[in-house]
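Commentary on secondary and tertiary structure
Single-letter residue listing:
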Amino acid sequence: MLLEVRDLRVEFRTRDGVAKAVDGVDYAVDAGETLAVLGESGSGKSVTAQAVMGILDTPPGRITGGEVLFRGRNLLELKEEERRRIRGAEMAMIFQDALSALNPVLTVGDQLGEMFTVHRGMSRKDARARAVELMDRVRIPAARERAGQYPHQFSGGMRQRIMIAMAIALEPALVIADEPTTALDVTVQAQVMDLLAELRREYRMGLVLITHDLGVVADVADRIAVMYAGRIVERAPVHDIYKAPAHPYTRGLLESVPRLDRKGGELYAIRGLPPNPVDVPPGCPFSPRCPMARDVCRTDAPALYEVSEGRRSACHFWRECLDG
Ligand code: ADP
Ligand code: MG
């Protein structure tokens, strides 16, 4: 397995108390595979990714447990220097907001070129040539001329392509994309998502695709991990989830996706709000919002039950959920 996150726990100390932002997360992704991590805002998707990449703000954040196995090595035990070497070269991250992730005072060609001068010891001239090649590869028109421009001179979609180019420059084994298309309009979203999927195939990268939009994952993901209140509530191959969700929260997310075949119908939204992370309800954290909840759900936290091969659900009543 390329990446295995095991029982990861991250806390933040806040004025209101300790927030368990990540509360025992397990997920895995193999080479050439796409894992979509899904869940409403605040469910711990980004914090999990930051802990994996080694870019968590500490303090206020603190990793209090678990392992991040990358090619079998627990990254949480490595020195910062070693982690920095792995970051960029072996694993890279794509963020939602390219404008703040890119350096505003360096031309795009220089920024991309730096990947090769710093990490590969190339000459500036060779590095620039590689930068232009990369810009071509992510289909930025007139790459040679545009390499001399600054990030703010590009459109949102083009900037996102530049960040993708930065991420894949050193051909990392793993890329984590955190809501990479959220800030873009729908057509551009689809193009950027297609590009990512294509590069993932070409380079046989493992891709962790974080999104709150189930609509975009059907075509690109192999497996899905659904997060709620810092935990995984369902993990499954993508077609299983679309056939029948095994957790009421997943069902709620699915039914919130606008569908052409349900024209005129009311858009289902999950009632209520996710819990405050410093005050997560006992039992199943989803129980206050769950249309299926019974007494046991409010007192006993469900285990992550095995539903079938490769599929798990943290719902006491996953069988009923599967049956609709
Ligand atoms: P998601 O990416 O799923 O929207 P995050 O992983 O960003 O959610 O956040 C998970 C939880 O951790 C949230 O409740 C958020 O308030 C908390 N959190 C994240 N970053 C910080 C921080 N720097 N300080 C305090 N709390 C934080
Ligand atoms: Mg996030």
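Up top is the structure these notes are about.
I will try to describe carefully the structure that is included in this document. Because the structure is a prediction, the values reported are computed rather than measured.

What counts and how
- Residues numbered from 1 in each chain as written.
- Chains lettered and ligands numbered in written order.
- Predicted model: local features only at pLDDT ≥ 70, side-chain atom pairs only at ≥ 80, totals over all residues.
- Heavy atoms only, no water.
- Helix = DSSP H or I, 4+ residues; strand = E, 2+ residues; numbered from the N terminus.
- Rg over C-alpha atoms; globule rule 2.2 N^0.38 Å.
- Buried < 20%, exposed > 50% of the residue type's maximum accessible area, 1.4 Å probe, protein only.
- Contact = heavy atoms within 4.5 Å.
- Areas by Shrake-Rupley, 256 points an atom, 1.4 Å probe, with all protein chains shown as cover.
- Lys, Arg positive; Asp, Glu negative; His and termini not counted.
- Charge placed at Lys NZ, Arg CZ, Asp CG, Glu CD.
- Polar contact = N/O pair within 3.5 Å; in protein donor to acceptor, adjacent residues only side chain to side chain.
- Pairing = 2+ DSSP bridges.
- Phe/Tyr/Trp six-rings, centres within 6.5 Å; stacked < 30°, edge-to-face > 60°.
- Axes fitted to C-alpha atoms, helices over the stretch in contact; angles between N-to-C directions.

1. Topic: the overall build of the protein chain
Counting secondary structure elements, the protein chain contains 13 helices and 12 strands. For 324 residues, the compact-globule formula gives about 20 Å, and the C-alpha radius of gyration of the protein chain, at 21 Å, lands near that figure. If you line up the protein chain on its principal axes, its C-alpha atoms span 70 × 50 × 40 Å. Taking all 324 residues of the protein chain together, the buried fraction comes to 51%. Relative to all contacts within the protein chain whose residues are 6 or more apart in sequence, the contacts with residues 24 or more apart total 62%. When the accessible surface of the protein chain is split by element, carbon and sulfur atoms take 49% of a total near 15600 Å². One finds the centroid of the 43 positive side-chain charges in the protein chain at a distance of 1 Å from the centroid of its 45 negative side-chain charges.

2. So, the side chain of Gln189
With respect to the secondary-structure elements, Gln189 resides in helix H8 (residues 186–203). Among the polar contacts made by the side chain of Gln189, one reaches the main-chain carbonyl oxygen of Leu184 at a distance of 3.2 Å. If near-sequence neighbours (up to four positions away) are discounted, Gln189 is found in contact with Thr181, Thr182, Leu184 and Val216.

3. Considerations on the pairing of strand E2 (residues 17–29)
As a general feature of sheets, a regular strand has side chains that alternate between the two faces. Examined bridge by bridge, strand E1 (residues 3–14) and E2 share 10 bridges and lie antiparallel to one another. Paired with Glu11 across the strands is Lys20, a residue of E2. In this structure, the hairpin formed by E1 and E2 is closed by a connection of two residues.

4. Some points on the packing of aromatic side chains
Both the distance between ring centres and the angle between the ring planes are used here to describe each pair of aromatic rings. Tallied over the full model, the rule gives three aromatic pairs. Taking 5.2 Å as the distance between ring centres and 80 degrees as the angle between the ring planes, the aromatic pair formed by Tyr228 and Phe286 counts as edge-to-face. On the criterion of sequence distance, the pair formed by Tyr228 in strand E9 (residues 223–228) and Phe286 in the loop between helix H11 (248–255) and helix H12 (295–299) is long-range, its members being 58 residues apart. Each member of the pair, Tyr228 as well as Phe286, is classed as buried. Ring centres of Tyr249 and Phe286 lie 5.1 Å apart, and the angle between their planes is 65 degrees; this geometry places the pair in the edge-to-face category. On the criterion of sequence distance, the pair formed by Tyr249 in helix H11 and Phe286 in the loop between H11 and H12 is long-range, its members being 37 residues apart.

5. What to know about the sheet that holds strand E10 (residues 231–237)
Strands in a sheet are paired, the pairing made by backbone hydrogen bonds, and the direction either parallel or antiparallel. Taken in spatial order, the eight strands of this open sheet run E6-E7-E8-E3-E9-E10-E12-E11, and their pairing is mixed. Edge positions in the sheet fall to strand E6 (91–94) and strand E11 (305–308), since each of these pairs with one other strand and no more. For this sheet the average axis-to-axis angle between neighbouring strands, irrespective of direction, equals 25 degrees. Bridge analysis of E6 against strand E7 (residues 174–178) gives four bridges, and the strand direction is parallel. By the bridge assignment for E7, Met93 is matched with Ile176. Packing of H11 onto the sheet brings it into contact with strand E3 (34–38), E9 and E10, and relative to E9 it is tilted by some 105 degrees.

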